[in-house]
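Next come the chains, spelled out residue by residue.
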Amino acid sequence: MRNYFLTHTIIPYVRELRSICGSVTACILMRQLDYWFAKNHNGFYKFLEPCNHDLYKTGDSWQEELGFTTEEFRGAFDRIGIRYPTHTAFEKAKEAGDAFTGKYYLSYIDKRTGLTNYRRNHALLDKALDDWLTQAPPANPEPQGQDTGNPQGQQTEPIQPDSIIQAFRPCVELWDK
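Residues numbered from 1 in each chain as written. Predicted model: local features only at pLDDT ≥ 70, side-chain atom pairs only at ≥ 80, totals over all residues. Heavy atoms only, no water.

When helix α5 (residues 70-80) is considered as a whole, its buried residues turn out to be Thr70, Phe73, Ala76, Phe77 and Ile80. Across the axial projection of α5, the buried residues extend over an arc of 140°, all falling on one side. Tucked inside the fold, the buried residues of α5 contact α2 (18-21), α3 (24-39), α4 (62-66), β2 (81-84), β3 (105-110) and β4 (115-120). (Buried < 20%, exposed > 50% of the residue type's maximum accessible area, 1.4 Å probe, protein only. Helix = DSSP H or I, 4+ residues; strand = E, 2+ residues; numbered from the N terminus. Arc of directions from axis to C-beta. Contact = heavy atoms within 4.5 Å.)

Shown next, in the form of structure tokens:
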């Protein structure tokens, strides 16, 4: 199949999640973060861009994986997460109360190891997704006044909650193991 690469590495964009995430890039990032959290429930490290760190592997940075620039990644992450500049700042926030500050994810840089670590606010995000899935779909799923990728103006069918569950199913199945 000549176009195998088009379907082999697809990261699903679930447009209905935009009400939770606030942007297309944040939706894509959320989906990919949850992919990694399904494999590493308690957190993981990942590089923002290619680097010379001993643990870095070619193709394993956010830039390479998502095709985002540094600014796009940070803008998307800031919509759904909080970034701590150091592990110490993260620990202080944790001691003070909610280190997530009401966000779904957090990251902190461990200056000793040179790694950026990611954590997921499981309770908050799972509740937000559960609440969102129980809501009725919007009457008009097409955003008004925006390019929807439908040049003929034809009515498109909204994605049903079952298809969103399918998009997250690999993550859920790994969490249940």
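To continue, consider the packing of aromatic side chains. Counted according to the given criterion, the structure contains 14 aromatic pairs. Between Trp36 and Phe44, the ring centres sit 6.4 Å apart and the planes meet at 40°, which makes this aromatic pair tilted. Aromatic pair Phe47 and Tyr56: ring centres 5.9 Å apart, planes at 85°, arrangement edge-to-face. Overall, the relative accessible area of 7% leaves Phe47 in the buried class. (Phe/Tyr/Trp six-rings, centres within 6.5 Å; stacked < 30°, edge-to-face > 60°.)

Before going further, it helps to spend a moment on unusual backbone geometry. With a phi angle near 45°, Thr101 is a residue other than glycine that sits in the positive phi range. Among the structural elements, Thr101 can be located in the loop between α6 (87-96) and β3. For Thr101, a relative accessible area of 47% corresponds to the partly exposed category.

Moving on, we get to the pairing of β3. Counting buried residues in β3 gives five out of six residues, a clear majority hidden from the surface. Here β2 pairs with β3 via four bridges, running parallel. Residue pairing in the sheet places Arg83 in a bridge with Ser107 of β3. Crossover handedness for the path β2 to α6 to β3: right-handed. The pairing of β3 with β4 spans six bridges and is classified as antiparallel. Bridging from a neighbouring strand, Asp110 pairs with Leu115 of β4. (Pairing = 2+ DSSP bridges. Right-handed = clockwise from strand over helix to strand, strands pointing away.)

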